[in-house]
Amino acid sequence: MGMTMTQKILAAHAGLPEVSAGQLIEAKLDLVLGNDITSPVAIHEMEKMNTKTVFDKDKIALVPDHFVPNKDIKSAEHCMCVRNFAKKHDITNYFEVGEMGIEHALLPEKGLTVAGNVIIGADSHTCTYGALGAFSTGVGSTDMAAGMATGLAWFKVPSAIKFVLTGKPAKWISGKDIILHIIGMIGVDGALYKSMEFVGDGIKYLSMDDRFTIANMAIEAGGKNGIFPVDDLTIEYMKEHSTKEYTVYEADEDAEYDAEYVIDLSTLKPTVAFPHLPENTHTIDEGFDIAIDQVVIGSCTNGRLDDLRIAAEILKGHKVKKGIRTIIIPATQKIYLQAIEEGLIKTFIEAGAVVSTPTCGPCLGGYMGILAKGERCISTTNRNFVGRMGHVESEVYLASPAVAAASAITGKISSPEEVM
């Protein structure tokens, strides 16, 4: 029986000739990730173990990003815990304020994630690195602790769903529209504990930033991971950012899939997820008239350079509608600097937006954009659960940077064509 991409990676890291769906394995880890919320719990758990130090100081990444720069005393104490642990164990990849970024944008940029890796992170959107052909998945803080101590993790080998992407998407259709379309189609539990494997000739039209966005939100369909095949664009990205060795795995022709979906990207329209689930999707042409109070463009889903370029293209020469709060958050310091050099930040400020240092901030209702009772936000983030960005009676609508930027100008959820 053939294996999927994910199964081949797991088999190699378990030292087995083959694995099958449902099998329990112990696999070697290439990277263990934690942030300022999840790492302190893992650190305290590891302190209870009979181990003096981490398994490999080069294979752990600690990225304070959720409440950084610290918003209050509690967040400062969490970051101090992480900082002290990093110093004690001489962690190579600890990223302090000034060099940090949102973890799932920062690690690929730093070259820490490459094809063929097995990566766990105490953050559900760790599945982002599947865009590079890696197996990456979110775990709990206790699993992170065990991973830091031993370099190993237990997995149940997932079965898979194949998504065949064909056709060329229209100008304003991005990875966010594609993944929202898929989640709307299969539901938030449609890929529960399955590997979402993306293939097809339509992939050649997707930038790496598009692929990161799609893989990032695999968890919003319940997926164990999302993964793309390694092509020339992937290799070019890894060569530019990393010196790590990578391994390309390809699915066998006779690999088994629980289901297969064919999606013609040329037929997709800008898509918005209404409250309070990512599966509650509607296309922009449905004619709804929804006024908003706030716009957020950023996060580990859509704070990359392509996202900022798209937003700037739409906002240039326009003004944010009076009374609309528009918050733009570059995902890393490098992205922030390049956005300055390209004039994107000037465009945002002239349009009436504010620009933040890299942080998760408003995505999880942390800070830098909390919603009051009854307020609505259109956001490029990845979740719109009840109370996700503030008050339980506020509403979050998920959309692409293009739709978010257009909505900032009109003051209601709008298509880019309405303002361009």
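Counting of residues starts from 1 at the beginning of each chain's written sequence and follows it residue by residue. The model is predicted, so local features are restricted to residues of pLDDT at least 70 and side-chain atom pairs to those at 80 or more, both for listing and for counting; the totals for chains, interfaces and linings are taken over all residues. Only hydrogens and water are removed before side-chain values are computed, so all heavy atoms of the structure are retained for them.

- As recorded in an unreviewed UniProt entry, the protein chain goes by 3-isopropylmalate dehydratase large subunit and comes from Eshraghiella crossota DSM 2876.
- UniProt positions are given in the numbering used here, feature names are shortened, and annotations may be inferred rather than shown by experiment. Listed in UniProt under the heading Function (unreviewed entry), the comment for the protein chain reads: "Catalyzes the isomerization between 2-isopropylmalate and 3-isopropylmalate, via the formation of 2-isopropylmaleate."
- Its UniProt record gives the protein chain the following Sequence similarities (unreviewed entry) comment, quoted word for word: "Belongs to the aconitase/IPM isomerase family. LeuC type 2 subfamily."

## So, the pattern of salt bridges
Step number 1: Any carboxyl oxygen of Asp or Glu within 4 Å of a side-chain nitrogen of Lys or Arg constitutes a salt bridge here. For the coordinates displayed, the defined rule picks out 18 salt bridges.
Step number 2: Residues aspartate 58 and lysine 57 are paired through a salt bridge, measuring 3.6 Å at the closest nitrogen-oxygen approach.
Step number 3: The cut-offs for exposure are 20% and 50% of the maximum accessible area for each residue type, with area from a 1.4 Å probe on protein chains only; residues under the lower value are buried, those over the upper are exposed, and the others partly exposed. On the basis of relative accessible area, aspartate 58 is assigned to the partly exposed category, the value being 42%.
Step number 4: Owing to a relative accessible area of 34%, lysine 57 belongs among the partly exposed residues under this scheme.
Step number 5: Put simply, aspartate 231 and arginine 211 hold a salt bridge, and the shortest N to O gap is 2.9 Å. Of this pair, aspartate 231 sits in the loop between β10 (225–227) and α8 (232–241) while arginine 211 sits in helix α7 (residues 208–216), and the two are 20 residues apart along the sequence.
Step number 6: Judged by its relative accessible area of 1%, arginine 211 is buried. Counting from the N terminus, the helices are DSSP H or I runs at least four residues long and the strands are E runs at least two residues long.

## A word on the packing of aromatic side chains
Step number 1: Two aromatic rings, drawn from Phe, Tyr or Trp (for Trp, its six-membered ring), form a pair once their centres lie within 6.5 Å of each other, and the interplanar angle then sorts them: stacked below 30 degrees, edge-to-face above 60, tilted otherwise. Inspection of every chain in the model, using the stated rule, returns eight aromatic pairs.
Step number 2: Both rings, one in phenylalanine 135 and one in phenylalanine 155, keep their centres 5.4 Å apart while their planes meet at 90°; by these two values the pair is edge-to-face. Residue phenylalanine 135 is located in strand β6 (residues 135–138), and its partner phenylalanine 155 is located in strand β7 (residues 152–156); the two are separated by 20 residues in the primary sequence.
Step number 3: Looking at phenylalanine 155, the relative accessible area reads 4%, which means it is buried.

## Section: the layout of surface pockets
Step number 1: In this analysis, the protein atoms alone were mapped onto a 1 Å grid. Cavities are point sets where a 1.4 Å probe fits without being able to get out; pockets are open sets with protein on both sides within 12 Å along at least five of seven lines; lining residues have an atom within 4 Å of a point. Grid points are joined across faces, edges and corners, and a volume is the space filled by probe spheres set on the points. Volume-wise, the largest pocket comes out at about 490 Å³.
Step number 2: Along the walls of the largest pocket sit 20 residues, with Asp209, Tyr237, Glu240, His241 and Leu305 positioned nearest its centre.
Step number 3: Elements that contribute at least two residues to the lining of the largest pocket include exactly α4 (103–109), α7, α8, α10 (305–315) and α11 (333–341).
Step number 4: Broken down by element, the lining of the largest pocket gets its largest block of residues, five residues, from α8.
Step number 5: When the residues that make up the lining of the largest pocket are grouped by side-chain class, the tally is eight nonpolar, four polar and eight charged.
Step number 6: Residue ranges assigned to the domains are those given by an automatic or database domain assignment. When we break the lining of the largest pocket down by domain, the ones giving at least three residues each are domain 1 (5–263) and domain 2 (273–418).
Step number 7: If you add up the space inside the second largest pocket, you get close to 290 Å³.
Step number 8: What lines the second largest pocket is a set of 20 residues, and nearest its centre among them are Lys171, Ile173, Ser174, Asp210 and Ile310. Residue type decides the class: Asp, Glu, Lys and Arg count as charged, Ala, Val, Leu, Ile, Met, Phe, Trp, Tyr, Cys and Pro as nonpolar, and the leftover types, Gly among them, as polar.

## Some details on α11
It helps to recall that an α-helix has 3.6 residues per turn; residues three or four apart then point in one direction.
Step number 1: Every buried residue of α11 is accounted for by Ile335, Tyr336 and Ala339. Taken down its axis, α11 places every buried residue within 105° of arc, on the same side.
Step number 2: Contacts: residue pairs with any heavy atoms within 4.5 Å of one another. Among the structural elements, α4, α10, α12 (344–351) and β16 (354–355) are those in contact with the buried residues of α11.
Step number 3: Immediately beyond the C-terminal end of α11, within one or two residues, lies glycine 343, with a positive phi of roughly 85°. The arc in question is the one traced by the directions running from the helix axis out to the C-beta atoms.

## A word on the UniProt feature "binding site: [4Fe-4S] cluster" (unreviewed entry) in the protein chain
Step number 1: Residues given the UniProt feature "binding site: [4Fe-4S] cluster" (unreviewed entry) here are Cys300, Cys360 and Cys363. Taken together, the annotated residues stretch across 64 residues yet fold into one region, lying no more than 9.2 Å apart by C-alpha.
Step number 2: In contact with cysteine 300, not counting residues within four places along its chain, are Ile102, His104, His125, Asn216 and Asn382.
Step number 3: Residue position: cysteine 360 is located in the loop between β16 and β17 (376–379).
Step number 4: With a relative accessible area of 11%, cysteine 360 lands in the buried category.

## Quick word on the pairing of strand β2 (residues 31–35)
Step number 1: Within β2, five of the five residues are buried, which leaves it mostly tucked inside the rest of the structure.
Step number 2: Here β2 shows no split at all, with Leu31, Leu33 and Asn35 on one side and Val32 and Gly34 on the other all buried.
Step number 3: As paired strands, β2 and strand β5 (residues 118–121) are joined by three bridges and run parallel to one another. Bridge pairing in β5 places leucine 33 opposite glycine 121.
Step number 4: Relative to strand β3 (residues 60–63), β2 runs parallel, the two being bridged by four bridges. Whether two strands pair comes down to DSSP finding at least two bridges between them.

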